[in-house]
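Tertiary structure, described
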Protein chains: 2
Amino acid sequence: MSARFSIIETAAWFKERDNFLVLTHRRPDGDTLGSAGALAQGLREIGKRVFLLHNPETTPRNEKFVSDYWVSGDFVPDHIVAVDTASVGLFPQNALCYKDDVSLCVDHHVSNTGYAKLLCCYPDYASCGEIIYEILTQMSGDVSVQSALRLYVAISTDTGCFVYGNTTANALKTAALLIERGAPHKELNKLLFRTKTRGRIAIEGMLYNNIEFHFDGKVAITVITRDMMKTSGAVEDDVDDISGIPTSIEGVDVGITIRELSSATDCKISVRSSGSFDASRLCIHFGGGGHRSAAGASIAKTIEEIKAELLKVLGGADGLPGSP
Amino acid sequence: MSARFSIIETAAWFKERDNFLVLTHRRPDGDTLGSAGALAQGLREIGKRVFLLHNPETTPRNEKFVSDYWVSGDFVPDHIVAVDTASVGLFPQNALCYKDDVSLCVDHHVSNTGYAKLLCCYPDYASCGEIIYEILTQMSGDVSVQSALRLYVAISTDTGCFVYGNTTANALKTAALLIERGAPHKELNKLLFRTKTRGRIAIEGMLYNNIEFHFDGKVAITVITRDMMKTSGAVEDDVDDISGIPTSIEGVDVGITIRELSSATDCKISVRSSGSFDASRLCIHFGGGGHRSAAGASIAKTIEEIKAELLKVLGGADGLPGSP
């Protein structure tokens, strides 16, 4: 189990050491990459040697925020640092060799397993970027425009540009300070939140046109077939957060997306609940699991078979939308 | 022409007077309604009599933020105050009788025509709500949770929840202070930014599926026919900001939405430019006008005729996307 470290202790720890390798998590998002990039930038500015372990799943859009820091072959680190990574199960393949040697983890997930020797974790923060901001200002009294840019990426992406339920006053305040420090928020907002690929537009259009409403509009079911993926030209990135769409419709409490994967009988369902309905309960019926508000399951049946079974289960069980 | 008033002078002006009627602008948005509601609430809290003139175009979604303050029949105001309203041309029909009698206007539009006797206008603010926040804190040292809620509505809607290009550090900072004061930002974000009507979903789906790309994908053209409006069940509210969609697509510099109105030859075009292309120049060709980044025109031709003419003009003129 990790020893707990405060922001002040963490800043002092970095100042007293050198030669850091920073790890990010699998399927890297703006928070893990922005936090890692800002930390590397800030440490270099006070003369430290620091690199990020190359994360092979970095999307082209995010590459520019971290490419200056990817490690090259001959660097031998003295200290391994992980950011925004709650467990070694979230390590990319090429980071697994470090799983027992992580000196420090900076994180905001309450579920952090304590795999690092030292843990600087503040679960009340909406993003890891806010914690990195405090470490850097504690360390140097300020953040550079390069760090500010990357921290803005971290905080804004983890809060969906300040619209998700995890958004806090601190996230907004820190973003304001980063803008004052020179983070180009207009350009970043346009790039990160106001641009859709043609594939995304096409698949969203198809999805919008095949939504089925049941139980007085309280349940919405959408499907993504292999054919839709092919016709739209959408790639995996384009459907990443698409299962949130059904519950964004007025009056919908339970949103279900059925996705066809490698064949007609290789499907997964994603269930989202915006109210009291327990999404995990429905998914457990299908051999899956998850949380009350978001759950999923893999099912070896066709879309039509799954839809019929979903409606039967939803209409029958106690406490589900169709029951009295 | 108005005399200019600072925030401090405006706060003092309110404190020394009583019996205010507050006007909001035509097609009222969250900023005008939230600002007016917060101002009325804050003035009532220091013992003033204040009402809002009923704005008949208030949408059901926004009604709850202002319904406590609508004027009833017998109130005779001593002072008329307009908020977020740049000119008398933006007055609702029932406010026109006050057009020469506005004592004070609080606004953030650089284009304010100076129709009020006194003008408290700060064009660097992203929203009128931020100015009202400063007036209320100047007046009372604080804002109540009821005012904070309405000011959050004002600031967040005018910045698209902090994502539009007008977002500033001050907008984010003020929102953070309002959240600390008790504004229920999670519920408000869900209501204002994360909920789509069924009509909106349906019309967006249709629109996504009929986008035409021209000039190497730099120009995107979408149409909204009367038939689409009927089939989707969309109402006017649902298509309010829809002409921003084409320019949100990767690679698109010029987005054009052709909307069929009362008949097949009663159309309007909305042109948006995200780069150097001058949208107003294209619309002037069709007898319309506007700004460099957003312009429009009414055209007595069919959608197909308009589309053909648009492509001809875009392909021919200097500096337009199709030209060398």
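Here, residues in each chain are numbered from 1, in the same order as that chain's written sequence. By the order in which they are written, chains take letters starting at A while ligands take numbers starting at 1. Two thresholds apply to this predicted model, a pLDDT of at least 70 for residue-level local features and 80 or more for giving and counting side-chain atom pairs, whereas whole-chain, interface and lining totals are computed over all residues. Processing note: side-chain calculations cover all non-hydrogen atoms of the structure and skip hydrogens and water entirely.

1. Notes on the overall build of chain A
A count of helices and strands for chain A gives 11 helices and 12 strands. Its C-alpha radius of gyration of 22 Å places chain A within 12% of the 20 Å reference for a compact globule of 324 residues. Along the longest, intermediate and shortest principal axes, the C-alpha atoms of chain A span 60 × 40 × 40 Å. The buried label goes to any residue with under 20% of its type's maximum accessible area, the exposed label to any with over 50%, and the partly exposed label to all in between, with areas taken from a 1.4 Å probe on protein chains only. Taking all 324 residues of chain A together, the buried fraction comes to 55%. Contacts in chain A between residues at least 24 apart in sequence constitute 64% of all its contacts with a sequence separation of at least 6. For the purpose of counting charges, residues Lys and Arg are taken to be positive, whereas Asp and Glu are taken to be negative. His and the chain ends are not included. Each charge is placed at NZ for Lys, CZ for Arg, CG for Asp and CD for Glu. Of the charged side chains in chain A, 32 are positive and 40 negative; the average position of the first set lies 2 Å away from that of the second. Strands are runs of DSSP state E lasting at least two residues, helices are runs of H or I lasting at least four, and both sets are numbered from the N terminus onward. Radius of gyration means the value over C-alpha atoms here, while the globule rule gives 2.2 Å times the residue count to the 0.38 power. Contacts between residues were defined by any pair of non-hydrogen atoms, one from each residue, lying within 4.5 Å.

2. Some thoughts on the sheet that holds strand β6 (residues 118-121) of chain B
Residue and element names in this part refer to chain B. Pairing between strands is defined by DSSP: at least two bridges between the two strands are required. The 6 strands are arranged β1-β6-β5-β4-β2-β3 in an open sheet whose pairing can be described as parallel. One side of each edge strand has no neighbouring strand; the edge strands of this open sheet are β1 (3-4) and β3 (50-52). Pairing geometry for strand β2 (residues 20-23) and β3, over 3 bridges, is parallel. Within β3, the position partnered with V22 by the bridge is L52. Axis lines are fitted to C-alpha atoms, over the contacting stretch for helices. Their N-to-C directions set the angle, which ranges from 0 to 180 degrees. Helix-sheet contacts for helix α1 (residues 7-15) involve β1, β2, β4 (79-83), β5 (102-107) and β6, and the interaxial angle to β5 is about 135°. Against the sheet, helix α2 (residues 30-45) contacts β2, β3 and β4, and its axis sits at roughly 165° relative to β3.

3. Comments concerning the sheet that holds strand β7 (residues 212-214) of chain A
Across a sheet, paired strands are connected by hydrogen bonds in the backbone, their directions being either parallel or antiparallel. An order of β7-β8-β9-β10-β12-β11 (chain A) is seen for the 6 strands of this open sheet, with the pairing classed as mixed. With partners counted over all chains shown, the strands left at the sheet margins are β7 and β11 (289-290) of chain A, one partner each.

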